[in-house]
Every structure is written in structure tokens, then in C-alpha cells.
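Geometric and topological summary
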Amino acid sequence: MTEYPTSHEGRHHGTAARPADSRGALRHTPETSGDAPGPASGGLPEQPRRAAGSAADAEHAQPVAPSPEPVRPGPPDGADRRTGQPRPSGQPAAMRRDGDRLRFVGAATRRIARGLDLDEIVMGLCRATVPTFSDAILVYLREPLPVGDERPTGPMVLRLRRSDRIPDATDTGGATDQDTDGAGSPLAATTPQLELTAGSAELCEVRTGGALAEVLRGVRPVFADSPAAMAALPELLGTERVLPSGRRAILAPLRGRRRVIGAAVFLRRPDRPAFDADDLLVAGQLATHSALGIDKAVLYGREAYIADELQRTMLPETLPRPTGVRLASRYLPAAETARVGGDWYDAIPLPGSRVALVVGDVMGHSMTSAAIMGQLRTTAQTLAGLDLPPQEVLHHLDEQAQRLGTDRMATCMYAVYDPVAHRITIANAGHPPPVLLHLGGRSEVLRVPPGAPIGVGGVDFEAVELDAPAGATLLLYTDGLVESRLRDVWTGIEQLRERLAATAQLTGPDHPPPLEALCDEVLDMLGPGDRDDDIALLAARFDGIAPSDVAYWHLDPEDAAPGRARRLARSALARWGLDDLTDSVELLVSEVVTNAVRYASRPVTLRLLRTDVLRCEVGDDVPQLPRLRQARATDEGGRGLYLVNRLARRWGATRLSTGKVVWFELPVP
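Since we're looking at a predicted model, the values are computed, not measured.

Taken together, the five strands give an open sheet; going across it, the order is β18-β19-β20-β22-β21, and neighbouring strands pair in antiparallel fashion. Single-partner strands in this sheet number two, and they are β18 (550–555) and β21 (650–656). In this sheet, adjacent strand axes meet at a mean angle of 15° when their direction is disregarded. Across the sheet, helix α11 (residues 561–576) is in contact with β18, β19 (604–610) and β20 (613–620); its angle to β18 comes to roughly 165°.

Turning next to the pairing of β20. The element β20 is extensively covered by neighbouring structure, given that eight of its eight residues are classed as buried. Judged by which residues are buried, β20 turns out to be covered on both faces: V613, R615, E617 and G619 on one side and L614, C616, V618 and D620 on the other are all buried. As paired elements, β20 and strand β22 (residues 659–667) share eight bridges and run antiparallel to each other. When the bridges of β22 are listed, C616 appears paired with F664.

Turning next to the layout of surface pockets. Looking at the largest pocket, its volume works out to about 720 Å³. Surrounding the largest pocket, 28 residues form its lining, R321, P322, T323, R650 and E665 being those nearest its centre. When contributions to the lining of the largest pocket are tallied by element, the ones reaching two or more residues are β8 (325–332), α7 (367–385), β20, β21 and β22. The leading source of residues in the lining of the largest pocket is β8, at three residues. Grouping the amino acids of the lining of the largest pocket by side-chain chemistry returns eleven nonpolar, eight polar and nine charged.

Attention shifts here to the side chain of T473. Mapped onto the secondary structure, T473 falls in strand β16 (residues 473–477). By relative accessible area, T473 is classed as buried at 1%. Contact partners of T473, with chain neighbours within four places excluded, come to V435, L436, L437, L515, L518, A540 and R541.

This paragraph deals with the packing of aromatic side chains. Enumeration over the complete set of coordinates arrives at four aromatic pairs. The interplanar angle of 15° and the centroid separation of 6.0 Å between the aromatic rings of F104 and F133 together place this pair among those described as stacked. Of this pair, F104 sits in helix α2 (residues 99–114) while F133 sits in the loop between α3 (118–129) and β1 (136–142), placing them 29 residues apart in sequence. Note on accessibility: F104 and F133 belong to one class, buried. The interplanar angle of 40° and the centroid separation of 5.4 Å between the aromatic rings of F133 and F275 together place this pair among those described as tilted. Placement of F133 in the loop between α3 and β1 and of F275 in the loop between β7 (260–267) and α6 (277–314) is noted, with a sequence separation of 142 residues between them. Looking at F133, the relative accessible area reads 0%, which means it is buried. The buried category is assigned to F275, whose relative accessible area is 3%. Members of the aromatic cluster, connected to one another through ring pairs, are F104, F133, F266 and F275.

Here the focus is helix α12 (residues 582–599). When the terminal C-alpha atoms of α12 are compared, their 26 Å separation across 18 residues agrees well with the 26 Å that a helix rising 1.5 Å per residue should span. Those residues of α12 that sit buried are T582, V585, E586, L588, V589, S590, V592, V593, A596 and V597. Looking at the buried side of α12, the elements it contacts are β18, α11, β19, β20, α13 (640–647) and β22.

What follows is about the pairing of β8. Taken residue by residue, a regular strand's side chains alternate between the two faces of the sheet. Among the eight residues of β8, six are classified as buried, and the element is accordingly described as predominantly covered. By the bridge criterion, eight bridges tie β8 to strand β17 (residues 535–542) in an arrangement that is antiparallel. Bridged to R326 within β17 is R541.

Another point: the environment of V130. Mapped onto the fold, V130 is located in the loop between α3 and β1. Separated by 36 residues in the primary sequence, V130 and I166 have C-alpha atoms spaced 6.9 Å apart.

Turning our attention to helix α8 (residues 390–404). When the terminal C-alpha atoms of α8 are compared, their 21 Å separation across 15 residues agrees well with the 21 Å that a helix rising 1.5 Å per residue should span. All of the buried residues in α8 are P390, V393, L394, L397, D398, Q400 and A401. One side of α8 holds all its buried residues, which, seen down the axis, span an arc of 165°. Residues of α8 that are buried make contact with α7, β11 (410–418) and β12 (423–429).

Rules and cut-offs
Residues numbered from 1 in each chain as written. Predicted model: local features only at pLDDT ≥ 70, side-chain atom pairs only at ≥ 80, totals over all residues. Heavy atoms only, no water. Pairing = 2+ DSSP bridges. Helix = DSSP H or I, 4+ residues; strand = E, 2+ residues; numbered from the N terminus. Axes fitted to C-alpha atoms, helices over the stretch in contact; angles between N-to-C directions. Contact = heavy atoms within 4.5 Å. Buried < 20%, exposed > 50% of the residue type's maximum accessible area, 1.4 Å probe, protein only. 1 Å grid on protein atoms, 1.4 Å probe; cavity = no way out; pocket = protein on both sides within 12 Å on 5 of 7 lines; lining within 4 Å. Points joined across faces, edges and corners; volume = space filled by probe spheres on them. Nonpolar A, V, L, I, M, F, W, Y, C, P; charged D, E, K, R; others polar. Phe/Tyr/Trp six-rings, centres within 6.5 Å; stacked < 30°, edge-to-face > 60°. Expected span 1.5 Å × (residues − 1). Arc of directions from axis to C-beta.

As C-alpha cells, this is what we get:
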């Protein structure tokens, strides 16, 4: 009966786990309490523990046919089964009965099945087999690994993903094991007894129709002394490697659900019994379970990547920098395994230097919730571009949610901040109320009509207009920040208000806390059991625009309007000390106002704003937006926007419910 060593003193020195090297291989030290058989009493492997209804046991613990050889009494503990003499220190023990093989395979497959990602599964295979089944192992995987049903293009290339071995007596430094993912590594210091693993090739291109391709296509493991393996192993490991004599190596293909994804090489030293037919079955089972686990890990990694990309593209990549307000945001998924959800935030610049602040939460944590969130966010951006009042935006979002389905529910908070008027208009659709932190450190929960969630249908939304003093900070958030299994939503809102007030006290009454640090402080209030839902947080610091930096006029739609606009702009620039911009501003204002009064039937508005840039806005009651075009030499007009485009740093036109606004900006010297 074949002997299976089950322990090795060099594997139980309690060394800490080693970090991953630069090429992705995870360095490790053996565990003392793993599922693989260890140095139990009498050298027997540990009896596996089976939980009722365990899916892992049902899937992976496949029986191996026991040998017909009768079980004979074993030698005393600590003695070698073959000679009856005491076993030298450091030599693995041997399995004493055929049931040991069944327990080993069950424990090894459970250890492999515990891994979720690629490195964990490969590491589980290495730790389960060394030193219990083999003295060294090499694991090769395809580069790149195919995902799902995709068909790889080009030749098959195998890369040495990981290797592991028992340290030799000549190893220095007291290391308990060595592993690597390529040549020139610590594994190259092995003794000639395992010379096959020394400096093994890191990359191997599998030749079509070659010996290695035939072995991999055959799927079943083969001994190293078989004709097929004798031709395939040099191709895999390199022609300069010395193969072990006899049946001391097994080449096992790793086949996933649809294709070969790699190969594993199991090695034994000359002082160990050679592999036999039963070992070939064990190697096949280990290879099969590992390949299926790797296949699932690759699919899981692709799904996680898609989820991350979906969530990232659904949320703003960067926040805008509108005039008179500073913004900061945070997003936290509910868990690593639920990376997508329905929470979103947005900041949308509006005409007149205003900005729309939006936070919403779609019911559920799935790809469907994220897709609905993306549609609602796009709808909100479109409605904001029409400059609709907040209550009208929520009304149209409610209609859109009903078109998406009868069970598409969401909450939303929509606010519009005007830095000139220092006012904010808010409408709510079943969302937690916002919190306003004043400059002196006082925090309050704003009284906003709650409204019904989006998707209910047949309800009206109400908007309120509130003061937004300079230096105040508005926090919009989703319920995941304030509600959990351990606290109700109103308790969480009160804790949030207290946390904001306490943070403001640290910077004093005259200085608001830094916006990014404030967001971090808010998230620090979450305890270990408070992450039941994903969290979206949007913070807005109201700086406003001082009245002295605003100039505003009404111009009658007449021929004298452009000349009056030039005089008014010139006087405002002189008052602000921006005489260097006079020529450019007069020219551009004259062109834009001329175009407005040509078609307007009501007074035209002209507004100048001085911040870090000089912004000019001209409004009229004509909804058609101007477009830039190249005037012909014979045209008498059509060059106004061309001049604006050449001289202004930025310009644009926005349609309003009452007409449009054409604006341009010039840098302030």
C-alpha cells in the first residue's frame, strides 16, 4: 500500500505570512490548523469535520476507490512503516490505511474550494499537497486566462504561477518553505534531488501538435516516465532541467469547464516512495477541483470588474467647480461582495452661476438597481438642463420611474443653490432631510416636506426656499449613512448633526472645517454593524458671491441697447479695477447684446460677475440657441459668436423656461 507522508517539522515553525512578490505570487507559510492532514496523533491525518448540508463537502469530497490490500497493524508511532525503525527527524509520516487517502482528498478539495480569487485557489492547492502528497509542486496557468465562453486567440502560453517545496537540509536561514512564480527565485536554491524545480522556465509556449499539447489535450495525469510525459516535460520546464528518475513526477493537466487552463507538476524526492496508480487518481482529482475553482475565480473576477466599472461610470468622475460653492463627495458600497447599488449623487451647473445638487437612492442592491439609477440620473441631468424648478424635476423623475416598471422605487433630494441671492430651493421625494452646518458651529436638520418616493405616481412635490448663508455647509446623503440594524433613521440623523457640530468646534467659530476632512469625519461615525446599505454623500460649502461683485441691468430691445451695454460694462470694470479687460469686454458684450435685441420682444438682461474669472451673461426671451458658424466673405453678419469663441476663455448658451442665456468668461488679470 502506498505511503502518504502527512507531516514535516519544517512546515510548522509558525512563521508569518509573506507578502506577494512583484509578479503576483503570494508568499506564504504553512498553517498549523488547515484542512490538509497534519501531524496528528500517530502521524494520521486529521479527521475531517463535516457540517450538515455543507455544499463544499458535497461537491468536492469525492471518494477514491480503496485498495484491495488488507489493512495490517502499523508500526509504533514515530517509526517508519517500511523498516519499523524510528523515523528520522523532519521526515513526513506515512498514511497507514486506505481511508487516509479519502480523508486527504476531502480535506485538500475543501481547502482549494475555500479560495475566492485566483491566488487563494492556487495557494490552497500548493499547501494541501506539500508535503502531504508531494515534496514540491509547480503550477502553470494560461497567459492570459480565458474568461467564460470567450475563445482565446493566438498560441497557448503557460506561465509559472506558483511553486512550493519542502526545504532541504542544506537550506540556510531556517526557512520553512520556498515559493515563487518564476525563474531566478528562492526556489532555485533546491538540492539536486529536486533539480527539476531549479530555475524552471517561467513562460512556455505550447506548440500546436507537440508532445505537451497532446498531454494537455488528453486531460488525464501521466507519470514522468511515460513516453508522452518524457517528451512533454522538457517542453514545459526547459530542456536543461534534469527529470527525476522513475515515477517520481506527475504531470497533471488543469482543465476547466470548457478548455485546458494550465498544468501542475507534482514531485517526490528519491527517499520517498514513488507515485503509483492510486496517486495518479489523487492528482487527477486535485487538478480537476483546482481547475474548476480557477475557472470560477476568473469569472468572479470579471464580474467584480464589471461591477466596479458600472458603478464608477454611473457616478460622476469629477465634480464641477461652479462659482460660489465648493463640493466634496463620498461613495461607499454596502460590502465587497455587493459593489453596485442604487445610490447616486450629482452636481449640475445651471445658468446664472447656479448649481443643482442631487442625491438619490434606488431600492435594491443589484445590477438592475444600478441600471435604473443610471437612467434616473441621466433624466435628472436632462431636466436640470431645461432649468425646471426642483418640484417639476421630481415630478418628471416620478413619471420616468413609472415608465421603467411598476416596482421601480427611489428616493431623491433635489436642491438648487443661487450664489448671488444666497438662497437654496429644495424639493424632497421620500429622502432623509439634509443637514446644514452654520459657520459658528451650529448644525440643524432642515425642515423640508418629505414627499412620496419616486415611482409611487399621482403625488405632488413641494419645494421650499431657504437661506444659504456664506460659510455654511449643506450635507445631502442617503439612508445608509444614518440607518442600520442597530439604529433607526432619526437616531442616526441626530448623531450626524452632533458629529458635524463637534467637528466644527475644532476649527473655531470663524473658520469652517475643511470640506474633505469633514466628509471623512462623517463616515467615521459608522460602526462595525452600520454598513447595511451603500452610502452616497454630497457636501456643498456655500461661499456665495458678494453683492459688490455683481452688476445687473435691464436693456430695452432697441438699436441703442448695444451702445448702452458697452458704457455700463466699462463703468463696472473701472469700479472693479479691471481696466485691462475693457476693450475685450466691450467688443464681446456688444456682439452678444446685438444678437439678442435683434430677435427679442422683451427687455434683455445683462449681468457681470467678478470672481476668479469675469463672467458676462446676456438673457433674452428667444428659446432658439445660437450656433457657431463660419461666415462667408459676402455675409454682412454671423461673425459675433466667432469673435466670442476666439477671445473668451469659455462660452456657452443655455435654454431657460423663459428664453435663453448666452454667457462667456474672461480670465481676471
